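Architecture at a glance
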Amino acid sequence: MIGSTYYAACERIEASGDREVFAVVCLTRHNPRSTDGHVFGYKDMTEHMGPCESECPAAILDELTTTDSKYASEWRERCRANLVARKLEQAKPTPKPGQTIIFDEPMRFSDGSDRARFEVVANPKGRTPLFRDPESRAICRIPAFRKRSYRIIHAAIVPKDASSG
C-alpha cells in the first residue's frame, strides 16, 4: 500500500506453461462514517490499462515479466521515474530550525508578493517545519517543500551539551 493505493504482482500460468507476471493496481477508499453502510470501496485495474497512479515499489516492478503493451510499458517507465525522483527528494538535506532556506523558484503569496528566502522554524504540532518570511516575520507552511529545488545556508550552530561531552 502506498497511501490508499494497493500495488501487487500477479502471475498467470497458461496450460501450455507460458508464464506472465503483470501489475495490479487497486484504488481503495475507507469511510468508517459512511451513512449508507458502504465503508470500503475499491477499483481494480491492471497495468495494461495505463493507470494514473504510478508509485509502485521497485520490489514489485522487479517481479514483472516483459510486456508488449504500450500502456503497461509507459506506466512502468513512470513508476521508475517516480522512484528516482523520490530518492532524490530523500537525499536532500533536511532544513533544521534556525537555518535559512532559499528556494530556486520564488513562490507567489496571496498578498501578491514573491518570496524565495525563509527562516526555518520548529513546528510545535508536527515534524514538518514551518517557514518565516524574514521581512514580514509571517510564519507559513509550504506544502511539499521537498519537491522544490532549494539550498540551505547559514546552518544552525548547535552547542554540545556539556554533560554528554
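My aim in this report is to walk through the structure given alongside it, one point at a time. (Residues numbered from 1 in each chain as written. Predicted model: local features only at pLDDT ≥ 70, side-chain atom pairs only at ≥ 80, totals over all residues. Heavy atoms only, no water.)

**Some remarks on the overall build of the protein chain**
Helix and strand counts for the protein chain stand at 2 helices and 8 strands. Moving toward the C terminus, one meets the helices and strands of the protein chain in the order β-β-β-α-α-β-β-β-β-β. For 165 residues, the compact-globule estimate of 2.2 N^0.38 gives 15 Å, and the C-alpha radius of gyration of the protein chain, at 23 Å, exceeds that figure by more than 25%. Relative to its full complement of 165 residues, the protein chain shows a buried share of 28%. A fraction of 43% describes how many contacts in the protein chain between residues 6 or more apart in sequence connect residues 24 or more apart. (Helix = DSSP H or I, 4+ residues; strand = E, 2+ residues; numbered from the N terminus. Rg over C-alpha atoms; globule rule 2.2 N^0.38 Å. Buried < 20%, exposed > 50% of the residue type's maximum accessible area, 1.4 Å probe, protein only. Contact = heavy atoms within 4.5 Å.)

**Some details on the sheet that holds strand E7 (residues 139–140)**
With antiparallel pairing, 5 strands are arranged side by side in an open sheet as E7-E6-E5-E4-E8. Looking at the sheet topology across the chains shown, the edges are occupied by E7 and strand E8 (150–153). Here strand E6 (residues 130–132) pairs with E7 via 2 bridges, running antiparallel. Paired with Phe131 across the two strands is Cys140, which belongs to E7. (Pairing = 2+ DSSP bridges.)

**Concerning helix H2 (residues 70–91)**
Helix length check: H2 (22 residues) gives 32 Å between terminal C-alpha atoms against 32 Å at 1.5 Å per residue, within 8%. Along H2, the residues that are buried comprise Ala72, Trp75, Arg76, Cys79 and Leu83. Relative to the axis of H2, the buried residues are bounded by an arc of 100° and lie together on one face. Within H2, the exposed residues directed more than 90 degrees away from the buried face are Lys70, Tyr71, Glu77, Leu88 and Ala91. Those residues of H2 hidden inside the fold are in contact with strand E1 (5–13), strand E2 (19–30) and helix H1 (58–61). (Expected span 1.5 Å × (residues − 1). Arc of directions from axis to C-beta.)

**Observations concerning the side chain of Thr65**
Looking at the secondary structure, you find Thr65 in the loop between H1 and H2. A polar atom in the side chain of Thr65 sits 3.0 Å from the backbone nitrogen of Val21. The residues touching Thr65, leaving out its near neighbours within four places in the chain, are Arg19, Glu20, Val21 and Arg76. (Polar contact = N/O pair within 3.5 Å; in protein donor to acceptor, adjacent residues only side chain to side chain.)

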